[in-house]
Structures are given as C-alpha cells and as structure tokens.
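Geometric and topological summary
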Amino acid sequence: MTPEAVVSRLQVLAATVTGINTAPDALPDQLALFPAAVSYLESFEEDAGMVGSDNVIYTAVTELHVARKDLPRDYAVLDGMAALFVTAVRNDSRSNTAGTLGIIASAIGNASGTLAASSWDTQPTLAWTIRVPFKIQQ
C-alpha cells in the first residue's frame, strides 16, 4: 500500500463529516466552497527495525477550513468537526474491509490537532489542522 492511498482515504472520510461541503481529490490552488477539507502528507520517518522488515512512519495532515468572516459563527461551524473526523478515522482504521485504513496502513497512531487562524490561497480561514501518524510496512 502507499501513503498516497492513506491521504485519499482521509479525504473520503473528511467528506463524510457533517458540515463539510467540499473535500477535493487533489490539493486545490483555491477553495471556493466552505467548509472544506484538504489532506496531504506532511512528513515521514524511517524505522529500520529488524533487517528485512523496513517500516516508514508517515504523518498525514487533514485541514478542516471555514471561511473567516465572523469568529463566533466560524467557531460554531467548526465545533465538533474535528471530533467527528477523528472518530471516523479511528473506526475506519479498525475495519478489515477493502479500501479502509485498516487494510491500507499497517498501523494508525493517535491523531492530534490544533485550531487556529489560517488561510488557503488568499482566503482567510479558521481551521482545524489534524495530524494522523501511520505506518506502512514494506
């Protein structure tokens, strides 16, 4: 399996979060519809382990954006989205159905996230940035 397959699956899961209006298949230059979800690979670390069983630990990021116009309203829109997304990731990672994280990755670590002012292109946003570590055994 590939790390890109994990990123694609995270986008599928983000699209199921109540309130997300768009979760494009690829990173867009601009976002026209909010709330929006975007996922990408952020980092990797080789874990050589035992000879002949190399592992790579990746971190994927999913950002949940709302256009920044009115902070109390923007915050209310995002309220609960991160928890719904993390629950979807956790449930999917426990599944043994084809195409789920439980099949794509050999392990999914604990997700972490931050809520902060952000932007996409020139659009100011308020966003959850959620990091999901995962392992792919080679």
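Relevant structure appears above.
Computed from a prediction, not measured in an experiment: that's the story for all the values here.

The rules behind the values
- Residues numbered from 1 in each chain as written.
- Predicted model: local features only at pLDDT ≥ 70, side-chain atom pairs only at ≥ 80, totals over all residues.
- Heavy atoms only, no water.
- Helix = DSSP H or I, 4+ residues; strand = E, 2+ residues; numbered from the N terminus.
- Buried < 20%, exposed > 50% of the residue type's maximum accessible area, 1.4 Å probe, protein only.
- Contact = heavy atoms within 4.5 Å.
- Phe/Tyr/Trp six-rings, centres within 6.5 Å; stacked < 30°, edge-to-face > 60°.

Structurally, aspartate 74 can be placed in helix 2 (residues 71-78). Judged by its relative accessible area of 0%, aspartate 74 falls in the buried class. The contacts of aspartate 74, once residues within four sequence positions are left out, are Val66, Ala67, Arg68, Lys69 and Leu126.

Now for unusual backbone geometry. A cis amide bond, omega -10°, links phenylalanine 34 with the succeeding residue proline 35. Within the fold, proline 35 resides in the loop between helix 1 (3-15) and strand 1 (36-47). Even without being glycine, aspartate 121 reaches a positive phi, approximately 60°. In this structure, aspartate 121 sits in the loop between strand 4 (112-120) and strand 5 (123-137).

On to the packing of aromatic side chains. This structure, assessed with the given rule, holds 2 aromatic pairs. Consider the rings of phenylalanine 44 and tyrosine 58, whose centres lie 6.3 Å apart with planes at 45°: the pair is tilted. Taken together, the residues phenylalanine 44 in strand 1 and tyrosine 58 in strand 2 (residues 55-67) connect sequence positions 14 residues apart. What makes phenylalanine 44 exposed here is its relative accessible area of 61%. A relative accessible area of 14% means that tyrosine 58 is categorised as buried. Seen in terms of ring centroids, tyrosine 58 and phenylalanine 134 are 5.3 Å apart; in terms of plane orientation they differ by 20°. Their pairing is stacked. Placement of the pair is tyrosine 58 in strand 2 and phenylalanine 134 in strand 5, with a sequence separation of 76 residues.

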